[in-house]
Amino acid sequence: MLYNRFMQKDFKKKFTYIYNSFLFLYISLGFYFSTKTGISTDEFIDQYNWKLSFEVINEFLFNRGDSNFDLVNYEWRFHGVGFHYASQVYLYILNLFLNFEPFDEESSKILLNHSFIFLTFFLSGIFAKKIIDLSIKDNFTSQIFIIFYLMYPYLLGHGFYNPKDVPFLFAWLLSTYISLNIFIKILKNQVVLFSSIFLISLSTAFLLSIRISGILIFFQYFITLIITITAGKIPIVKIGKLYSFKIFLFILFTFVLTFLFYPIFWIDPFNILHSINQMREIPYGVCTLTLGNCMDALNLPSSYILIWLFFKLPVLALVGLLLFPFVEKKIFSNPERQVTLGSLILSSIIIVFLLIFFNVNLYDELRHILFLIPLIIIISFSTIYFFSKDTSCVHIKYNNTRS
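Residues numbered from 1 in each chain as written. Predicted model: local features only at pLDDT ≥ 70, side-chain atom pairs only at ≥ 80, totals over all residues. Heavy atoms only, no water.

Observations regarding the overall build of the protein chain
Here comes step 1: What the protein chain contains, in helices and strands, is 17 helices and two strands.
Here comes step 2: For the protein chain, buried positions account for 50% of its 403 residues.
Here comes step 3: The long-range share in the protein chain, meaning contacts at least 24 apart out of those at least 6 apart in sequence, stands at 78%.
Here comes step 4: On the protein chain, roughly 20,500 Å² of surface is accessible, and the fraction owed to carbon and sulfur atoms is 68%. (Helix = DSSP H or I, 4+ residues; strand = E, 2+ residues; numbered from the N terminus. Buried < 20%, exposed > 50% of the residue type's maximum accessible area, 1.4 Å probe, protein only. Contact = heavy atoms within 4.5 Å. Areas by Shrake-Rupley, 256 points an atom, 1.4 Å probe, with all protein chains shown as cover.)

Looking at the packing of helix H8 (residues 165–187) against helix H16 (residues 335–357)
Relative orientation and spacing of two packed helices are given, respectively, by the angle between their axes and the distance between those axes.
Here comes step 1: As a packed pair, H8 and H16 sit with axes 10 Å apart at the nearest point and diverge in direction by 140°. Regarding the angle of H8 to H16, the classification is oblique. Classified by chirality, the crossing of H16 by H8 is right-handed. Counting all contacts with H8, which are made through Trp172, Thr176, Leu180, Phe183, Ile184 and Leu187, the residues of H16 involved are Pro335, Glu336, Val339, Thr340, Ser343, Leu344 and Ile351.
Here comes step 2: Residue composition of the contact of H8 with H16, by class: nine nonpolar, three polar and one charged. (Axes fitted to C-alpha atoms, helices over the stretch in contact; angles between N-to-C directions. Parallel < 35°, antiparallel > 145°, perpendicular 65-115°, else oblique. Left-handed = near helix turned anticlockwise from the far one by under 90°. Nonpolar A, V, L, I, M, F, W, Y, C, P; charged D, E, K, R; others polar.)

Notes on empty space enclosed by the protein
Here comes step 1: Taken as a whole and assessed by the stated rule, the structure comprises one cavity of 30 Å³ or more.
Here comes step 2: What the largest cavity holds in volume is close to 40 Å³.
Here comes step 3: Glu43, Asp46, Gln47, His84, Ile110, Asn113, His114, Ile117 and Pro163 together form the lining of the largest cavity.
Here comes step 4: When contributions to the lining of the largest cavity are tallied by element, the ones reaching two or more residues are helix H2 (41–62) and helix H5 (105–136).
Here comes step 5: Considering only residue class, the lining of the largest cavity consists of three nonpolar, four polar and two charged. (1 Å grid on protein atoms, 1.4 Å probe; cavity = no way out; pocket = protein on both sides within 12 Å on 5 of 7 lines; lining within 4 Å. Points joined across faces, edges and corners; volume = space filled by probe spheres on them.)

Describing the state of the cysteines
Note: disulfide means a covalent bond formed between the sulfur atoms of two cysteine side chains.
Here comes step 1: Enumeration over the complete set of coordinates arrives at one disulfide.
Here comes step 2: The partner cysteine of Cys287 in its disulfide is Cys294, sulfur to sulfur 1.8 Å.
Here comes step 3: Taking relative accessible area as the criterion, Cys287 reaches 42% and is therefore assigned partly exposed. (Disulfide = S-S within 2.5 Å.)

Examining the packing of aromatic side chains
Here comes step 1: With the rule as written, the count across this model stands at 37 aromatic pairs.
Here comes step 2: Each ring, one from Phe326 and one from Phe387, has its centre 6.3 Å from the other, and the planes form 65°; the classification is edge-to-face. Residue Phe326 is located in helix H15 (residues 315–332), and its partner Phe387 is located in helix H17 (residues 372–402); the two are separated by 61 residues in the primary sequence.
Here comes step 3: Here Phe326 falls in the exposed class, since its relative accessible area comes to 60%.
Here comes step 4: On the basis of relative accessibility, which here comes to 27%, the residue Phe387 falls in the partly exposed class.
Here comes step 5: What links up through ring pairs into an aromatic cluster is the set Phe22, Tyr26, Phe31, Phe118, Phe121, Phe122, Phe145, Phe148, Tyr149, Phe160 and Phe381. (Phe/Tyr/Trp six-rings, centres within 6.5 Å; stacked < 30°, edge-to-face > 60°.)

Quick look at the side chain of Ser115
Here comes step 1: Position of Ser115 relative to the elements: it lies in helix H5.
Here comes step 2: Residue classification places Ser115 among the buried residues on the basis of a relative accessible area of 4%.
Here comes step 3: Reaching out from Ser115, the side chain makes a polar contact with the side chain of Tyr90 at a distance of 2.6 Å.
Here comes step 4: A distance of 2.7 Å separates a polar atom in the side chain of Ser115 from the backbone oxygen of Leu112.
Here comes step 5: Setting aside residues no more than four positions away along its own chain, Ser115 makes contact with Phe31, Ser34, Thr35, Tyr90 and Leu94. (Polar contact = N/O pair within 3.5 Å; in protein donor to acceptor, adjacent residues only side chain to side chain.)

Overview of the nonpolar core
Here comes step 1: Phe121, Trp172 and Ile373 are the most contacted members of the largest nonpolar core, which has 103 residues in total.
Here comes step 2: Looking at this core, the element that brings in the most residues is H8, giving 16 residues.
Here comes step 3: Setting aside residues up to four positions removed in sequence, Ile373 forms contacts with Tyr152, Tyr154, Leu155, Leu313 and Leu366.
Here comes step 4: Tyr74, Trp76, Phe78 and Trp266 belong to the second-largest nonpolar core, a separate cluster that totals 15 residues. (Core = buried A, V, L, I, M, F, W, Y, C linked by side-chain atoms within 4.5 Å.)

A few points about helix H11 (residues 236–261)
Here comes step 1: Approximately 60° is the largest bend angle found in H11, and it occurs at Tyr243.
Here comes step 2: Along H11, the residues classified as buried are Ile239, Tyr243, Lys246, Leu249, Phe250, Thr254, Leu257, Thr258 and Phe261.
Here comes step 3: Residues of H11 that are buried sit in contact with helix H4 (82–95), H8, helix H9 (194–210), helix H10 (217–232) and helix H12 (263–267). (Bend = angle between axes of the 7 residues up to and from the residue.)

Quick notes on the packing of H8 against H10
Here comes step 1: Closest axis-to-axis distance for the H8/H10 pair is 10 Å, and the angle between their directions is 20°. The orientation of H8 with respect to H10, classified from their angle, is roughly parallel. Every pair of crossing elements has a handedness; the one defined by H8 and H10 is right-handed. Across the interface between the two elements, Trp172, Ser175, Thr176, Ser179, Leu180, Phe183, Ile186 and Leu187 from H8 touch Ile217, Gln220, Tyr221, Thr224, Leu225, Thr228, Ala231 and Gly232 from H10.
Here comes step 2: Its residues assigned to classes, the contact of H8 with H10 shows nine nonpolar, seven polar and no charged.

Put into structure tokens, the structure is as follows:
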């Protein structure tokens, strides 16, 4: 028995070296191959959106530029450009060392930006691992998880070039991780620092600045709050006394930061309301070939999301979902797991339901809800982990009985 434990520890130690080597090789090759990926039409549109927004910034801050009204009348004026605030700094530094001579300046910037998009995808894997660490408390298993996550072809493909959905996915996972840490502190009756409030406000505002549909994460926050109160048996009056001011600060900081990230809101603050309404009804009828039928984005059947989730989720994730009823009691027997996994499960279901109920315009398979896939994989991987623990316990008991 002692020999087996020693061998297990020795194997896990060796695997840590393999894991670290994998991450280093992965990000190195990823940076290289991402710049070799072709340019999509959407990327030129996204770059143009930033150009118009930058003119507004110049006009407001430096009184330069005279074409800011182009943004007001532009069809895609509410497409967020928050990601560009970070990427432009990255591109400036990178341009000092690299240059794609065969391409024009615009194409060169887009190709260089691919490596930054890939970096956000890599970081999304890091934060997905941190989220799963909150529930399973097993570093070896979470290392297996991140390798599986980073090598999942569907996400990896988007991670090489997608300037909208991959940063949005990263920002969602970042916000989820920070919020779960805050709610676990509330559950344990620990102090929630003001720095944590500012960080969750910043990450939430960053999410909204990429795509205004990030407002859906407030449903996730609310669900997590309800589960935290229920799991910790915390009186609502106590929540009001201890955290009302911090909740107020969170709302205030998030609003102010989101406003700053959106130059279109500087022209008219009421554009915030218009942006939410327009993103719900994107005036863009696109056909997505699904099960042999052309499903129009403006008139999707309620089965659209479920069909594509079935075909795009990895088989392991589907297996995990099927095993969930067998380990449900074990998962929810622990208050922390109720907060972490319970909130992810309920919020994923509710978000899908809301998108179906309001008949939200979706196209290109699962592009616009790519952020849901990591949440489902986290839930499935945790389910498989607890199921394997249960079956291993039964196996040990069986062997002990025989001996």
